[in-house]
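# Tertiary structure, described
Okay, here's what each chain looks like letter by letter:
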Amino acid sequence: MMSDSLKEEIAKELGFYDKVEKDGWGGITTRDAGNMVKRAIQMAEEQMMKDQQ
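Residues numbered from 1 in each chain as written. Predicted model: local features only at pLDDT ≥ 70, side-chain atom pairs only at ≥ 80, totals over all residues. Heavy atoms only, no water.

## Details of the packing of helix α1 (residues 4-14) against helix α3 (residues 30-52)
Under the convention used in this document: Between N-to-C directions, angles span 0 to 180 degrees; the directions come from axes that are lines fitted to C-alpha atoms, helices contributing only their stretch in contact. Counting from the N terminus, the helices are DSSP H or I runs at least four residues long and the strands are E runs at least two residues long. In what follows, roughly perpendicular refers to angles from 65 to 115 degrees, roughly parallel to angles under 35, roughly antiparallel to angles over 145, and oblique to any angle outside these ranges. The criterion used for residue contact is that any of the two residues' heavy atoms lie within 4.5 Å. Gly is placed with the polar residues, together with every amino acid not listed as nonpolar (Ala, Val, Leu, Ile, Met, Phe, Trp, Tyr, Cys and Pro) or charged (Asp, Glu, Lys and Arg).
Interaxial distance between α1 and α3 falls to 10 Å at its minimum, and their mutual angle equals 110°. It follows from the interaxial angle that α1 and α3 lie roughly perpendicular. Along the contact surface, α1 presents Leu6, Lys7, Glu9, Ile10, Glu13 and Leu14, while α3 presents Asn35, Met36, Arg39, Ala40 and Met43. In terms of residue class, the contact of α1 with α3 is built from 6 nonpolar, 1 polar and 4 charged.

## Section: the packing of aromatic side chains
So the rule is basically this: Pairing of aromatic rings covers Phe, Tyr and Trp, the last counted by its six-membered ring, and requires centre-to-centre distances within 6.5 Å; plane angles under 30 degrees mean stacked, over 60 mean edge-to-face, and any other angle means tilted. Remark: a charge is flagged as sitting over a ring if the NZ atom of Lys or the CZ atom of Arg is within 6 Å of the ring centre and within 35 degrees of the ring normal.
Here the structure, examined in full by the defined rule, presents 0 aromatic pairs. Its guanidinium or amino end placed over the ring of Tyr17, Lys12 lies 5.0 Å from that ring's centre, counting from NZ or CZ.

Next up, the structure:
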């Protein structure tokens, strides 16, 4: 489960945080939600790589 701050950070990075502010998390598209999950996974993988070095 992602923290609210991480979700907000990713939504801002992906460019749909304005939708979240206006309509809440229920207002985002399934594509946006999927892109958030992909980005969170990517961030976790990058962190794991840094931790291994």
